[in-house]
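Working through the structure, step by step
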Amino acid sequence: MSRAFVNEDAGSGGGSERKYRLPPRGHPSFDEEAAKALLVAAVAGDTGSAESATGYYWGERKLRPIVEGIRARARAEGDAELARAAERFLR
């Protein structure tokens, strides 16, 4: 097999898996931190790892009010990328 088709980094932990520092599930700030992780991952093009880390899928209805707040803060702070990610989440 050609080396072009071999992923030498598979399983090494050095791939696109991002580390998310989340409080324990059930902690009062878990949902807020999970929403942030999903949005930051979307900006980085790595939503899948955030979904795995948080247990929430993109567009989770439970997180909508939190994402609306993050969108408002992102707009106020001039963070256009995060605001766009929040808009996509809320569609």
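Look up a bit, the structure's there.
Every value quoted in this text rests on a predicted model; they were computed, and no experiment measured them. (Residues numbered from 1 in each chain as written. Predicted model: local features only at pLDDT ≥ 70, side-chain atom pairs only at ≥ 80, totals over all residues. Heavy atoms only, no water.)

**Regarding the overall build of the chain**
The cut-off we apply is this: Each helix corresponds to a stretch of at least 4 residues labelled H or I by DSSP, and each strand to a stretch of at least 2 residues labelled E; elements are numbered beginning at the N terminus. Contacts were defined at the residue level, with two residues in contact if any of their heavy atoms lie within 4.5 Å.
Along the backbone of the chain there are four helices and zero strands. Shown N-terminal to C-terminal, the secondary structure of the chain runs as helices and strands in the order α-α-α-α. Across the chain, every contact between residues at least 6 apart in sequence was considered, and the portion connecting residues at least 24 apart equals 56%.

**A word on the side chain of Asp46**
What counts, and what does not: Each residue is placed in one exposure class: buried if its accessible area under a 1.4 Å probe, protein chains only, is under 20% of its type's maximum, exposed if it is over 50%, and partly exposed if it falls in between. Polar contact criterion, stated in full: a pair of N or O atoms within 3.5 Å, where within protein one must be able to donate a hydrogen and the other to accept it, and residues adjacent in sequence count only if both atoms are side-chain atoms.
One can find Asp46 in the loop between helix H1 (30–44) and helix H2 (47–54). In this structure Asp46 comes out as buried when scored by relative accessible area, which is 12%. A polar atom in the side chain of Asp46 sits 2.7 Å from the side chain of Ser49.

**Looking at the packing of aromatic side chains**
Stated precisely, the cut-off is as follows: Each aromatic pair joins two rings of Phe, Tyr and Trp (for Trp, the six-membered one) with centres within 6.5 Å, and gets the label stacked for planes under 30 degrees apart, edge-to-face for over 60, and tilted for any other angle.
One pass over the structure, following the stated rule, counts two aromatic pairs. Summarising the aromatic geometry, the rings of Trp58 and Phe89 are spaced 5.0 Å apart at their centres and angled 80° between planes, so their arrangement reads as edge-to-face. Residue Trp58 is found in the loop between H2 and helix H3 (64–77), and its partner Phe89 is found in helix H4 (residues 80–90); the two are separated by 31 residues along the sequence. The partly exposed category is assigned to Trp58, whose relative accessible area is 29%. Accessibility expressed as a relative area gives 2% for Phe89, which makes it buried.

**Description of the side chain of Asp31**
By secondary structure assignment, the location of Asp31 is in helix H1. In this structure the side chain of Asp31 is engaged in a polar contact, spanning 2.5 Å, whose partner is the side chain of Tyr56. Once residues lying within four places of it in the same chain are set aside, the contact partners of Asp31 are Tyr56, Lys62, Leu63 and Ile66.

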